[in-house]
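Commentary on secondary and tertiary structure
In case you want the letters, here they are:
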Amino acid sequence: MKQSNMITSGDFSYAIEKDWAEKHHPDLNVHHCHEMVINRAGQIILVNTEPKNNIVIFEADGRIIRTFTFGMKTAHGLTISQENEQEFIYVTDAEQGHRVIKSDLSGNIIQEFIAPIGWGTYRSLEQWKPTETTVAPNGDLYVADGYGEGYITHYNAAGDILNVFGGKEVFDSPHGIAIDYRFEEPRLLVTSRGEQSFYICHLSGEIKQKVHLPDCWICRPVIKGELLYFAVIVTKDWFVYDGGILILNKKNQVISAPGMNMEKSRLDKAQFYIESDYTTFLNPHDVAVDDDGNIYVPQWLSGKTFPYKLHRIK
């Protein structure tokens, strides 16, 4: 395994493979690798802003199966869902297209969701800059407007708007969103990146709790098994590479921080302090976690870098 080194944080150890995909495809262009998901077959799907191939589908060893595009220059959010035996992806075009689309895994657009103009403070399409989606089992869709007016828009499966909640007075850049099924009552997790926090909400939008992670500019919440993962794009300085990953338990306690300097960082809640190791990552923007605990990490504004793979050792 080339370009590999070991990192350990808490009970989690990984071997990092930085050339996981690039070694197979050095001539493929990617740009601003924003998010990744994993389908039932174990294939890893990437969304990036390269308009020639917005979507890249990889095997677990980094080899590309296929690519396709929606021609988006600001493709951002990527969510996967299953309806009966078919899988679909939801893709957001945050800043130029102001779009949310649903597609099959061949790139055929199935549905497009209307902007919530007339709701909240929306008066024009340009105000809506959707960054993320999450899908309920009944097909309801929640869309986070992380770069615009800061609202969460709730649609039914047909695309009708049911509710709009939040806004800039509530969320400071709701960059990511996910439904959390680890508890008896499902919860909506909403990132408030500008506050270095996330909110736990009822599905109706009512806030239950705020969890603050000082100095951690977190991206979307990613739930795998009993654990909650965040990519931390920045800790101290947007002009250096100082990001990493946080892993939290069901009590929202940080139990591991891959990519952080564990000699200087403190994970206990009372004395929480994070400092990057400045070598593991560039600007991590998301994580996808497979059934073996391996983590795939796309990165934003990182020299058109391909995603990294962290192989779980223990």
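These lines cover the structure that appears in this document, whether it is placed above or below. Just so you know, these numbers come straight off a predicted model, no measurement behind them. (Residues numbered from 1 in each chain as written. Predicted model: local features only at pLDDT ≥ 70, side-chain atom pairs only at ≥ 80, totals over all residues. Heavy atoms only, no water.)

Neither face of strand 12 (residues 141–144) is left uncovered, since the one carrying Leu141 and Val143 and the one carrying Tyr142 and Ala144 both have all their residues buried. Judged from the four bridges that link them, strand 11 (residues 132–135) and strand 12 form a sheet pairing that is antiparallel. If you follow Val135 over to strand 12, its bridge partner there is Leu141. From the end of strand 11 to the start of strand 12, which pair antiparallel, there are five residues, and Gly139 there has a positive phi angle of about 95°. As judged from the four bridges shared by strand 12 and strand 13 (residues 151–155), these two strands associate in the antiparallel manner. Its bridge partner lying in strand 13, Tyr142 is registered against His154. Between strand 12 and strand 13, which pair antiparallel one after the other, the connecting turn spans six residues, and Gly150 there sits at a positive phi close to 85°. (Buried < 20%, exposed > 50% of the residue type's maximum accessible area, 1.4 Å probe, protein only. Helix = DSSP H or I, 4+ residues; strand = E, 2+ residues; numbered from the N terminus. Pairing = 2+ DSSP bridges.)

A separate point is the packing of aromatic side chains. Applying the stated criterion across every chain yields a total of eleven aromatic pairs. Seen in terms of ring centroids, Trp20 and Phe58 are 5.0 Å apart; in terms of plane orientation they differ by 45°. Their pairing is tilted. Taken as a pair, Trp20 in the loop between strand 2 (12–17) and strand 3 (33–38) and Phe58 in strand 5 (residues 55–58) lie far apart in primary sequence, 38 residues in all. The same class applies to Trp20 and to Phe58, which are both buried. With a centroid separation of 5.4 Å and 70° between ring planes, the pair formed by Phe171 and Tyr199 is classed as edge-to-face. Taken together, the positions of Phe171 in the loop between strand 14 (161–166) and strand 15 (177–180) and Tyr199 in strand 17 (residues 197–201) put the pair 28 residues apart, joining distant regions of the chain. Take Phe171 and Tyr199: they sit in the same class, and that class is buried. Every member of this aromatic cluster is reached through a ring pair, and the members are Trp20, Phe58 and Tyr296. (Phe/Tyr/Trp six-rings, centres within 6.5 Å; stacked < 30°, edge-to-face > 60°.)

Moving on, we get to the pattern of salt bridges. Applying the stated criterion across every chain, the model contains 16 salt bridges. Asp61 serves as the salt-bridge partner of Arg63, at 3.2 Å between the closest nitrogen and oxygen. Lys102 serves as the salt-bridge partner of Glu83, at 2.5 Å between the closest nitrogen and oxygen. Taken as a pair, Glu83 in strand 7 (residues 75–83) and Lys102 in strand 9 (residues 99–104) lie far apart in primary sequence, 19 residues in all. For Lys102, a relative accessible area of 7% corresponds to the buried category. It is possible to trace a salt-bridge network through shared partners that takes in Glu35, Glu132, Arg220 and Asp286. (Salt bridge = Lys/Arg side-chain N within 4 Å of Asp/Glu carboxyl O.)

With that settled, consider the sheet that holds strand 15. The strand order across the open sheet built from four strands is 15-16-17-18, with neighbouring strands paired in antiparallel fashion. The strands lining the two open edges of the sheet, one partner per strand, are strand 15 and strand 18 (207–212). Averaged over all pairs of adjacent strands, the angle between strand axes in this sheet comes to 25°, irrespective of strand direction. Pairing geometry for strand 17 and strand 18, over five bridges, is antiparallel. Residue pairing in the sheet places Ser197 in a bridge with His212 of strand 18. (Axes fitted to C-alpha atoms, helices over the stretch in contact; angles between N-to-C directions.)

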